[in-house]
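Results of the structural survey
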Amino acid sequence: MQKDDYHDDLTGLPNRRLFTERLDNRIVHCQRYGDISALLFVDIDNLESVNDAYGHAAGDLMVIRLSQLLNASVESSDVAARIGSNIFALLLDNLDADQVERKIAFLIDRIKSADCKYQDVTLPFRASIGYCFIGPKDSVDGLMSRADAAMYRSQGSFD
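Below, the structure is looked at part by part.

The rules behind the values
- Residues numbered from 1 in each chain as written.
- Predicted model: local features only at pLDDT ≥ 70, side-chain atom pairs only at ≥ 80, totals over all residues.
- Heavy atoms only, no water.
- Salt bridge = Lys/Arg side-chain N within 4 Å of Asp/Glu carboxyl O.
- Helix = DSSP H or I, 4+ residues; strand = E, 2+ residues; numbered from the N terminus.
- Buried < 20%, exposed > 50% of the residue type's maximum accessible area, 1.4 Å probe, protein only.
- Phe/Tyr/Trp six-rings, centres within 6.5 Å; stacked < 30°, edge-to-face > 60°.

**Observations regarding the pattern of salt bridges**
Taken as a whole, this structure holds four salt bridges when the rule is applied. Between D5 and R17 there is a salt bridge whose closest N-O contact spans 3.8 Å. Placement of the pair is D5 in the segment before α1 (16-33) and R17 in helix α1, with a sequence separation of twelve residues. The exposure class of D5 is exposed, given its relative accessible area of 52%. Of the residues examined, R17 reaches a relative accessible area of 42% and is grouped as partly exposed. Between R82 and D8 there is a salt bridge, with the nearest N and O atoms lying 3.2 Å from each other. You can see R82 sitting in strand β2 (residues 79-82) and its partner D8 sitting in the segment before α1, a full 74 residues away along the chain. With a relative accessible area of 13%, R82 lands in the buried category. What makes D8 buried here is its relative accessible area of 14%.

Structure representation (structure tokens):
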């Protein structure tokens, strides 16, 4: 995979830098035209324990697998990114709260049923997902803080 300043080396997804640029553009667009966009944060709940038990290659496999699931689950106008070691972000366009809840249920289902095998071991694959909507006075930092808080409130609720 080619290295650059805008994509994650392991997954090829946009990184935090590119994601925040796209989020800033989407905020301006939503505020100008009244569109609705949701920001989702996704955390691999057990990445540290997998790394401790099986090594970082196993954890990397989980990160890659989740990136594939998320990338395959977004529309062309949406953005999936890896913004931290075990944190991913999704920017979803034109979805209301019910549609976002259905999208989260769909993602949780896909993650739970994902085949994530390392050597001869099926890795325990769980994630927490939180979200917020872009509002009329939002900033990148404010939105990311709200999505992060929502993600941590959701931990363990999808087991």
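**A look at the packing of aromatic side chains**
According to the stated counting rule, one finds one aromatic pair in the structure shown. Their ring planes at 90° and their centres at 5.6 Å tell us that Y131 and F133 sit as a pair that is edge-to-face.

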